Amino acid sequence: SGGLVIAIDGPSGSGKSSTAKSVARARGLKYLDTGAMYRAMTWWMLENGVDVADAEAVAAAAGRPAITMGTDPDAPTVHVDGVDVGKVIRGDEVTSNVSAVSAVPRVRELLVARQREIIAEACASAPGIVVEGRDITTVVAPDAPVKLFLTASEEARAQRRSKEVRSGDVAATQAALARRDRLDSTRAVSPLTQTPDATKLDTTSLSLDEVIALVVKLADEAR
Ligand code: C5P
């Protein structure tokens, strides 16, 4: 059966999104940003007055929002109940609360099931898909023929993230990033972890083009 799945995990600022989108574009694959799904879920919880520190309340409400993903790497979209939330889910409020929401098992159960449907659909209707997140190589698509773990030094990741969010305060960005990584790596369910069969790529001193070229090469070898 056809369909190439490229699974990419790594902490924030490791270059996952830019790499995943470019590789998908280069090889005509779909693109799925699973972090955007956890962000969309978090946005809905905040919007609807659910206390995100209350795991039971989050679990009880998790089935209510309808989260829809557009998987074109040139124009990826996220909708919640028909509302385009692509911009608002990048804001500080969602960013600082997403780790609490994504640690709730019921949230993961629902979103992982949806992610697997999107992957199956992309493999049936397109040459395949590049999927990025924290648990793609370990939980969502452990059988993917290409599995990557992207890393970079905390300083490099903070620099990149500061540029992305146009913040001059690199120290504050680095602190927020370190906090989120710690929460994501130490949670009980599907923490960010490196699986031994994933190719580890440290992007600290690589340009984006170099990383893309490496991943495209791996993708071509897997086909
Ligand atoms: O990738 P991004 O930084 O947008 O992800 C936002 C958050 O969503 C992460 O900090 C993490 O808490 C959660 N996440 C997750 N599992 C994934 C992708 C993201 O728990 N596969």
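About the thresholds
- Residues numbered from 1 in each chain as written.
- Predicted model: local features only at pLDDT ≥ 70, side-chain atom pairs only at ≥ 80, totals over all residues.
- Heavy atoms only, no water.
- Core = buried A, V, L, I, M, F, W, Y, C linked by side-chain atoms within 4.5 Å.
- Buried < 20%, exposed > 50% of the residue type's maximum accessible area, 1.4 Å probe, protein only.
- Helix = DSSP H or I, 4+ residues; strand = E, 2+ residues; numbered from the N terminus.
- Contact = heavy atoms within 4.5 Å.
- Near = heavy atom within 4 Å.
- Polar contact = N/O pair within 3.5 Å; in protein donor to acceptor, adjacent residues only side chain to side chain.
- Areas by Shrake-Rupley, 256 points an atom, 1.4 Å probe, with all protein chains shown as cover.

(A) Representation of the nonpolar core in the model. Within the largest apolar cluster, 39 residues are counted, with the highest numbers of intra-cluster contacts made by M45, I67 and V107. Element by element, the count of residues in this core is highest for helix α2 (residues 34–47), at eight residues. Not counting the four nearest positions on each side in its chain, V107 is found in contact with Y38, M41, V58, A62 and V101. Formed by 18 residues, the second largest nonpolar core is a distinct cluster that contains A20, V23, Y31 and A219.

(B) Structural view of the site of the ligand. Taken together, the neighbourhood of the ligand is formed by 16 residues, with R39, R108, R180, D184 and R187 sitting nearest. Here an oxygen atom of the ligand sits 2.8 Å away from a polar atom, N or O, in the side chain of S102. In the environment of the ligand, an oxygen atom lies 2.8 Å from a nitrogen or oxygen atom belonging to the side chain of R187. About the coverage of the ligand: the protein hides 97% of its 450 Å² of free accessible area. Going through the elements one at a time, α2, α4 (92–102) and α8 (170–186) are the ones with two or more residues in the shell around the ligand. In terms of residue count, the dominant contributor to the shell around the ligand is α2 (four residues).

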